[in-house]
Amino acid sequence: MSVDPSPRLAVEVRRSARRSRTVSAYREGDRTIVLIPARMSQAEEQRWVSVMLDKLAAQESRRTLGDDDLCERAGRLSAQYFEGRAVPASVRWVTNQNSRWGSCTPSEGSIRLSHRLQGMPEYVIDYVLLHELAHLLVPGHGAAFWRLLEAYPRTERARGYLEGVVAADRLPHLPKARGE
């Protein structure tokens, strides 16, 4: 049994000799339990833990968060990464942002997230929320702004995910084959 030292959520890996090929995961309180076959190597274990955390996050984010949930989440993220200094007046989903993932009006303290984020992994939504929260502290995209976001360990991964979504949208969409 190993435990992930992640500050966000503890991960407990349980190996089973009875489990031959399948891997599964579930949340138990503030921990994530990942069940794997006993014969797996440490490298396979790490890979599967990452895969299962992403799957759980995607499942959880498909349950659409309401505006109140977003506001609460923003408060937790601000406390965890910005010492509670970024305090939005409002956080809400909007359907009129098709070319950006989020926006912030620092003078009003309002944050808006594009509805296109709904269904994406939690770490991606958290990154966009943190990005907009950082604008409450630093308006532009200068060095001070990016230093704030360095505190979030999944910044690069989330940015890569969003870049992949944009790239996929630009691919030519081929007509479906007959019978599909």
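Cut-offs and rules
Residues numbered from 1 in each chain as written. Predicted model: local features only at pLDDT ≥ 70, side-chain atom pairs only at ≥ 80, totals over all residues. Heavy atoms only, no water. Pairing = 2+ DSSP bridges. Helix = DSSP H or I, 4+ residues; strand = E, 2+ residues; numbered from the N terminus. Axes fitted to C-alpha atoms, helices over the stretch in contact; angles between N-to-C directions. Contact = heavy atoms within 4.5 Å. Buried < 20%, exposed > 50% of the residue type's maximum accessible area, 1.4 Å probe, protein only. Lys, Arg positive; Asp, Glu negative; His and termini not counted. Salt bridge = Lys/Arg side-chain N within 4 Å of Asp/Glu carboxyl O. Polar contact = N/O pair within 3.5 Å; in protein donor to acceptor, adjacent residues only side chain to side chain. Core = buried A, V, L, I, M, F, W, Y, C linked by side-chain atoms within 4.5 Å. Parallel < 35°, antiparallel > 145°, perpendicular 65-115°, else oblique. Nonpolar A, V, L, I, M, F, W, Y, C, P; charged D, E, K, R; others polar.

*Asks:* Which residues make up the sheet that holds strand 5 (residues 90-94), and what are the values?
*Replies:* Pairing is mixed across the open sheet formed by three strands, whose spatial order is 5-7-6. If you trace the sheet from one side to the other, it starts and ends with strand 5 and strand 6 (102-105), each paired once. The mean inter-strand angle of the sheet, taken between neighbouring strand axes irrespective of direction, is 20 degrees. Pairing of strand 6 with strand 7 (residues 110-114) involves four bridges; the strand directions are antiparallel. By the bridge assignment, Ser103 is partnered in strand 7 with Arg112. Against the sheet, helix 3 (residues 122-137) contacts strand 5, strand 6 and strand 7, and its axis sits at roughly 150 degrees relative to strand 7.

*Asks:* Any chance you could break down the environment of Leu162 for me, citing the residues and the numbers?
*Replies:* Within the secondary structure, Leu162 is located in helix 5 (residues 155-170). Residue classification places Leu162 among the buried residues on the basis of a relative accessible area of 6%. Setting aside anything within four residues of it in sequence, one finds Leu162 in contact with Trp101, Leu117, Met120, Val124, Tyr127 and Val128.

*Asks:* Kindly report on the side chain of Arg112, identifying the contributing residues and their values.
*Replies:* Along the chain, the position of Arg112 falls in strand 7. The charged side chain of Arg112 is buried without a salt bridge, its nearest counter-charge being Glu108 at 5.1 Å. A distance of 2.9 Å separates polar atoms of two side chains, one belonging to Arg112 and the other to Thr105.

*Asks:* Could you give me a rundown of the pattern of salt bridges, with the residues and numbers involved?
*Replies:* Where charged atoms of side chains with opposite charge meet at close range, the side chains can pair. If you walk through the whole model with that rule in mind, you get 11 salt bridges. With its nearest N and O atoms 2.8 Å apart, the salt bridge here joins Arg14 to Glu12. Of the residues examined, Glu12 reaches a relative accessible area of 8% and is grouped as buried. One salt bridge in this structure joins Asp126 and Arg73, with 2.6 Å as the shortest N-O distance.

*Asks:* Tell me about the nonpolar core, and please be specific about residues and values.
*Replies:* With 30 residues, the main nonpolar core has Phe82, Leu113 and Leu117 as its most contacted residues. Contributing elements (two or more residues each) for this core: helix 2 (67-82), strand 5, strand 7, helix 3, helix 4 (143-149) and helix 5. The contacts of Leu117, once residues within four sequence positions are left out, are Trp93, Trp101, Val124, Ile125, Val128 and Leu162.

*Asks:* Could you give me a rundown of the packing of helix 3 against helix 5, with the residues and numbers involved?
*Replies:* Where helix 3 meets helix 5, the axes come as close as 9 Å, and the angle between the chain directions of the two elements is 100 degrees. Here helix 3 is positioned roughly perpendicular relative to helix 5, judged by the angle of their axes. In contact with Tyr123, Val124, Tyr127 and Val128 of helix 3, helix 5 contributes Thr155, Arg157, Ala158, Arg159, Tyr161 and Leu162. Here the contact of helix 3 with helix 5 is composed, by residue class, of seven nonpolar, one polar and two charged.

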